[in-house]
Amino acid sequence: MSEALILGLETSCDETSVALLRGESELLGHVILSQDVHEIYGGVVPELAARAHLSVIDDVVAEAVRQAGVSLSDADAIGVTAGPGLIGALLVGVCWAKGAAYGLAKPLVAVHHMEAHLFAPSLEDSEAQPPFVGLLVSGGHTLLLHAERWGRYRLLGETRDDAAGEAFDKVAKLLGLPYPGGPHVEKLAREGDPGRFRFPRPMLRRDQNPADSDFFDFSFSGLKTAVASEVASLRESAEFDSARPDVAASFQAAVVDTLVSKTLRAVEVTGCPRVLIGGGVSANRFLREEMARRLGADGRVFHASPRLSLDNGAMIARAAAFRLGQGEMATDTLTAEAALPFPGLSPRGGV
Ligand code: KG4
Ligand code: ZN
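These numbers come from a predicted model, not from an experiment.

Rules of the game
Residues numbered from 1 in each chain as written. Chains lettered and ligands numbered in written order. Predicted model: local features only at pLDDT ≥ 70, side-chain atom pairs only at ≥ 80, totals over all residues. Heavy atoms only, no water. Helix = DSSP H or I, 4+ residues; strand = E, 2+ residues; numbered from the N terminus. Buried < 20%, exposed > 50% of the residue type's maximum accessible area, 1.4 Å probe, protein only. Contact = heavy atoms within 4.5 Å. Pairing = 2+ DSSP bridges. Axes fitted to C-alpha atoms, helices over the stretch in contact; angles between N-to-C directions. Near = heavy atom within 4 Å. Polar contact = N/O pair within 3.5 Å; in protein donor to acceptor, adjacent residues only side chain to side chain. Areas by Shrake-Rupley, 256 points an atom, 1.4 Å probe, with all protein chains shown as cover. Domains from an automatic or database assignment. Parallel < 35°, antiparallel > 145°, perpendicular 65-115°, else oblique. Nonpolar A, V, L, I, M, F, W, Y, C, P; charged D, E, K, R; others polar. Salt bridge = Lys/Arg side-chain N within 4 Å of Asp/Glu carboxyl O.

Asks: In this structure, what is going on with the environment of His141? I would like to understand it.
Replies: Among the structural elements, His141 can be located in the loop between β6 (132-137) and β7 (142-149). For His141, a relative accessible area of 29% puts it in the partly exposed group. When the C-alpha positions of His141 and Glu158 are compared, they lie 7.8 Å apart, and in sequence the two are 17 residues distant. Not counting residues up to four positions away in its chain, the partners in contact with His141 are Pro84, Met114, Leu136 and Ala163.

Asks: Please explain the sheet that holds strand β9 (residues 274-278) as it appears in this structure.
Replies: Strands belonging to one sheet form pairs held by backbone hydrogen bonds; the direction of such a pair is parallel or antiparallel. Sheet architecture is open: six strands sit in the order β10-β9-β6-β7-β8-β11, paired in mixed fashion. The sheet is open, and its two edges are formed by β10 (300-302) and β11 (345-346), each paired on a single side. As judged from the six bridges shared by β6 and β7, these two strands associate in the antiparallel manner. Following the sheet pairing, Val137 is matched in β7 by Thr142. Running at roughly 170 degrees to β9, helix α8 (residues 285-295) makes contact with β6, β9 and β10 of the sheet.

Asks: Would you take a moment to explain the site of ligand 1 for this structure?
Replies: Residues in close proximity to ligand 1 total 20 residues, the closest being Gly139, Asp169, Gly182, Glu186 and Gly280. The backbone of Gly182 places a nitrogen or oxygen atom 3.0 Å from an oxygen atom of ligand 1. One of the side-chain nitrogen or oxygen atoms of Asp311 is found 3.1 Å away from an oxygen atom of ligand 1. Protein burial of ligand 1: of its 560 Å² of free accessible surface, 90% is covered by the chains. Secondary structure elements with two or more residues in the shell around ligand 1: α3 (113-119), α4 (164-174) and α5 (182-189). Summarising the domain contributions, the shell around ligand 1 has at least three residues from each of domain 1 (5-119 + 309-346) and domain 2 (129-303).

Asks: What am I meant to see in the packing of α4 against helix α6 (residues 221-236) here?
Replies: Angle between the axes and distance between the axes: these two values describe a pair of packed helices. α6 packs onto α4 with a crossing angle of 10 degrees between their chain directions and a minimal axis gap of 10 Å. Here α4 lies roughly parallel to α6, going by the angle between them. Contacts between α4 and α6 pair Lys170, Val171 and Leu174 from the former with Lys224, Val227, Ala228, Val231 and Arg235 from the latter. Taken together, the residues of the contact of α4 with α6 break down into five nonpolar, no polar and three charged.

Asks: Explain the pattern of salt bridges to me, please; I cannot follow it from the model alone.
Replies: Side chains that carry opposite charge are capable of pairing whenever their charged atoms lie near each other. All chains considered together, the criterion is met by 23 salt bridges. The salt bridge partner of Asp162 is Lys224, with a shortest N-O separation of 3.7 Å. Placement of Asp162 in the loop between β8 (152-158) and α4 and of Lys224 in helix α6 is noted, with a sequence separation of 62 residues between them. Taking the relative accessible area as the measure of exposure, Asp162 reaches 8% and is therefore buried. One salt bridge connects Arg190 with Glu186, and the closest N-O pair in it is separated by 3.8 Å. Classification of Arg190 as exposed rests on a relative accessible area of 53%.

Asks: Would you mind showing me how to read the environment of Ala253 here?
Replies: Secondary-structure assignment places Ala253 in helix α7 (residues 240-270). With 31 residues separating them along the chain, Ala253 and Gly222 place their C-alpha atoms 15 Å apart. In this structure Ala253 touches Pro194, Arg201 and Phe286, once residues within four positions along its chain are discounted.

Asks: Hey, could you run me through the pairing of β8 in this one?
Replies: On a regular strand, each side chain points to the face opposite its neighbour's, so the side chains alternate between the two faces of the sheet. As defined by bridge partners, β7 adjoins β8 across six bridges and the pair is classed as antiparallel. By the bridge assignment for β8, Leu145 is matched with Leu155. Between the antiparallel neighbours β7 and β8 lie two residues, among them Gly151 with a positive phi of about 90 degrees. Direction of pairing for β8 relative to β11: parallel, over a ladder of two bridges. Within the sheet, the bridge partner assigned to Tyr153 lies in β11 and is Leu345.

Asks: Where do I start with unusual backbone geometry in this structure?
Replies: What is expected of a backbone is that most residues other than glycine have negative phi and most peptide bonds are trans. Following Gly83, the chain continues to Pro84 via a peptide bond in cis, the omega torsion being -10 degrees. Residue placement: Pro84 occurs in the loop between β4 (77-83) and α2 (87-104). Cis peptide bonds are those with omega within 30 degrees of zero, and the linkage from Tyr179 to Pro180 qualifies with -10 degrees. Examined against the element boundaries, Pro180 turns out to sit in the loop between α4 and α5. For Ala105, which is not glycine, the phi torsion reads 55 degrees and is therefore positive. In this structure, Ala105 sits in the loop between α2 and β5 (108-112). Its identity as a non-glycine residue notwithstanding, Ala238 has a phi of 60 degrees, on the positive side.

Following this line, the structure appears as structure tokens:
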């Protein structure tokens, strides 16, 4: 029998994306449609996101199916992001998937969006498998975990306030850059001096040890405030315009130093030199390069290409393939959950 063909649907935030995946890595069709309705508001407006998903989802599915050269009824299962994310946006995908699964009499599989980000690199590199230390950095989450095998994760650290991507987006706003800010900050930072401003490395001190509750945790809201006050004083002295690239570079250096340092602590404590970075911020080239440089030749860093680092349906189909293989099928009572718990993630101190 040929490998299962999975239709994956992602609508948790502002990308409507659908993929058809054969087996674990053969991507037959893949459409990612980014919503532009939010641009003028400087951030995602949840109600507009839900409406935009609703108006394009049929066409996005149709185009992915056309690219794949199959028909919808050829799909062996339908995987959908059930959370976490914006509830109205999630519901569009979940309702569509439930209707299709019922109508076509196919299994329905619920996918956790952040677990799917862990699977993204394996779509392009068959070695991107556990065991690894996983750093998940997106617009809504920052998580550090140890994956012993797929589906079994140990939480090491998480953000106590803003997510790493959120910090990029907020600093972009302070610098007058459009949403989503991460790629714009990265581009501006290339022209700047990362050593001009010494921004804080939150929760990163030499005297911490693994028993301290903040050893692996992150906190980015103080960093954002430090950038805001620097920007305010630069504006007063009319140096703002010329200093923008230096602010971007110094901010990026602080975030990346913090993310890499905490990840290296996890490598040391777990004894696992394989690192996987996932989520939108993992598209950042400086983060990838610094992680590889500081991990050294004895380690490996896995990440997806930029297209698959951002939200996409392919990673949802890949995570669904895993869950389906575990015999995990959703029933018709499936609903979206804005704060869906991470499956198989044991709390700190647990096993
Ligand atoms: O995973 P993702 O596409 O959506 C969520 O699940 O949130 O992540 C989006 C986040 C945004 O905050 C965006 O600014 C950030 O990823 N991002 C980046 C880069 N590309 C996207 N941050 C830094 N550098 C980038 N190149
Ligand atoms: Zn995401």
